[in-house]
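Each chain is listed here by its residues.
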Amino acid sequence: MISDQTLRSLLPRTLESTDLTIPGAERYVGKVRDNYTVGARRTIVVTDRISAFDVVLGTIPLKGQVLNRMAAWWFEETKRIAPNHLIDVPDPSVMVAIACAPLPVEMVMRAYLTGVTTTSVWHHYQRGVRTFCGHALPDGMKKNQALPAPILTPSTKAEKGGHDVSASREEILALCRESGSLDAATFDEAATMAQELFAFGQERALKRGLILVDTKYEFGRAPDGRILVIDEIHTPDSSRYWHADDFAARIAAGEEPRALDKEYVRRWYAAQGYTGEGPPPPLADEVRIEAAKRYIAACELITGREFIGDTEDPDARIRRNLGIEKR
Ligand SMILES: Nc1ncnc2c1ncn2[C@@H]1O[C@H](COP(=O)(O)OP(=O)(O)OP(=O)(O)O)[C@@H](O)[C@H]1O
Ligand SMILES: [Mg+2]
């Protein structure tokens, strides 16, 4: 495991943004990824930015490398279940992918009654809601309890800065009918892949002592017409993971499960009284280090391999690995 000292030394030189000159590339800066698209090839730089509550909060040392490694690992593991966009990993922080036309929906799979944000199933359940995205929820359930079966709770893809809205299949299809952006057959094809990927992910995670609690998949239409899994898969940014060994005991004692994901940062913000409105308070250095350790631990547990982070200056390294001259 990388030492606290190394992580601390990386705090001032995380990968916060990129400005690569790739000839003919269209640049799109997301909350976490800087994307450069040339024709059917999308070069995705996974930066160290961390977002929660739909805002960028700051950077976490080595986070981009951890996420990229985990996504690449899961894409390889799951390619027989669902085809994905991965072409190559030319640098620890970069994935080259097939550029797709993204479907206007995020396929969220949930296996537990949990969450902290206003879009979570627990938030609604607590307020008396018993039908969530078309699924009936039994009365008398406790927070963090397993749902009778995993449920698909699709959500619309919000424009930059907006919040996603969860809805049932029928509602999503109705929303997309006007624009013609998503038909039922495409939705169902992606939904089936999401369900199969989630079942596989849960089984695989459990072998490593982890519960895959919930996750979000994105899909896109490739130039050859296939529907591919795009973006990231089963990373601690897109998924919630809990330790399995003490889960039951903690729930019985009325404690929160031990989480290995962004929940740690969300809870720190919640403790500061921040819930996503207005500018976020700056991330404390200790929190950035602790978050890095959790990301690394998640990566090592899942992949079963030690994570050896690359501590070279990321900008110079990425340019070299992508064959880009410094301007
Ligand atoms: N292969 C792909 N083809 C097309 N788009 C993709 C592909 N892989 C990922 N994307 C898109 O690229 C973006 C990745 O950047 P990032 O994850 O930082 O964005 P985000 O903040 O989650 O979303 P937003 O686009 O709302 O800013 C997402 O919009 C995602 O849908
Ligand atoms: Mg994203």
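Residues numbered from 1 in each chain as written. Chains lettered and ligands numbered in written order. Predicted model: local features only at pLDDT ≥ 70, side-chain atom pairs only at ≥ 80, totals over all residues. Heavy atoms only, no water.

K.L.:
Please clarify how the packing of helix H2 (residues 63-78) against helix H5 (residues 184-207) should be interpreted in this entry.
P.N.:
A pair of packed helices is characterised by two quantities: the angle between their axes and the separation of those axes. The N-to-C vectors of H2 and H5 enclose an angle of 115°; their axes lie 11 Å apart at closest approach. When the interaxial angle is binned, H2 and H5 end up roughly perpendicular. For the pair H2 and H5, the crossing hand works out as right-handed. Seen from H2, the contacting residues are Trp73, Trp74, Glu77 and Thr78; seen from H5, they are Leu197, Phe200, Gly201, Arg204 and Ala205. Here the contact of H2 with H5 is built from residues that sort into five nonpolar, two polar and two charged. (Axes fitted to C-alpha atoms, helices over the stretch in contact; angles between N-to-C directions. Helix = DSSP H or I, 4+ residues; strand = E, 2+ residues; numbered from the N terminus. Parallel < 35°, antiparallel > 145°, perpendicular 65-115°, else oblique. Left-handed = near helix turned anticlockwise from the far one by under 90°. Contact = heavy atoms within 4.5 Å. Nonpolar A, V, L, I, M, F, W, Y, C, P; charged D, E, K, R; others polar.)

K.L.:
Would you explain empty space enclosed by the protein in this entry?
P.N.:
In this approach a probe as big as a water molecule rolls over the atoms, and the regions it shows empty are the leftover space. Taken as a whole and judged by the stated rule, the model has three cavities of 30 Å³ or more. Forming the boundary of the largest cavity are 13 residues, of which Asp48, Leu62, Gln65, Asp310 and Pro314 lie nearest the centre. Along the lines of polarity and charge, the residues of the lining of the largest cavity split into four nonpolar, four polar and five charged. When its volume is computed, the second largest cavity comes out at roughly 50 Å³. Arg33, Ile44, Val46, Leu67, Asn68, Ala71, Met95, Asp231, Glu232 and Thr235 are the residues that line the second largest cavity. Counting residues per element, the lining of the second largest cavity draws most heavily on H2, at three residues. Broken down by class, the residue content of the lining of the second largest cavity amounts to five nonpolar, two polar and three charged. (1 Å grid on protein atoms, 1.4 Å probe; cavity = no way out; pocket = protein on both sides within 12 Å on 5 of 7 lines; lining within 4 Å. Points joined across faces, edges and corners; volume = space filled by probe spheres on them.)

K.L.:
Sorry if this is basic, but what is going on with the site of ligand 1 here?
P.N.:
In the vicinity of ligand 1 there are 17 residues, among which Tyr28, Val32, Arg33, Lys157 and Glu218 approach most closely. In this structure, an oxygen atom belonging to ligand 1 sits 2.6 Å away from a main-chain N or O atom of Arg33. Asp231 places a main-chain nitrogen or oxygen 3.1 Å from a nitrogen atom of ligand 1. Here ligand 1 has 600 Å² of accessible area as a free molecule, and 91% of this is covered by the chains. Counting only elements with at least two residues in the shell around ligand 1, the list comes to strand E2 (33-38) and strand E3 (41-46). When the residues that make up the shell around ligand 1 are grouped by side-chain class, the tally is eight nonpolar, three polar and six charged. (Near = heavy atom within 4 Å. Polar contact = N/O pair within 3.5 Å; in protein donor to acceptor, adjacent residues only side chain to side chain. Areas by Shrake-Rupley, 256 points an atom, 1.4 Å probe, with all protein chains shown as cover.)

K.L.:
Would you explain the pattern of salt bridges in this entry?
P.N.:
When the charged atoms of two side chains with opposite charge come close together, those side chains can pair. Using the criterion set out here, one finds 28 salt bridges in the structure. For Glu286, the salt bridge identified is with Arg8, shortest N-O distance 3.1 Å. Taken together, the positions of Glu286 in helix H8 (residues 285-303) and Arg8 in helix H1 (residues 4-10) put the pair 278 residues apart, joining distant regions of the chain. The salt bridge partner of Glu77 is Arg204, with a shortest N-O separation of 2.2 Å. Of this pair, Glu77 sits in helix H2 while Arg204 sits in helix H5; the two residues are 127 residues apart in sequence, bridging distant segments of the chain. Residue Glu77 is classed as partly exposed on the basis of its relative accessible area of 24%. Shared partners join several salt bridges into a network, and the residues in it are Arg33, Lys157, Lys216, Glu218, Asp231 and Glu232. (Salt bridge = Lys/Arg side-chain N within 4 Å of Asp/Glu carboxyl O. Buried < 20%, exposed > 50% of the residue type's maximum accessible area, 1.4 Å probe, protein only.)

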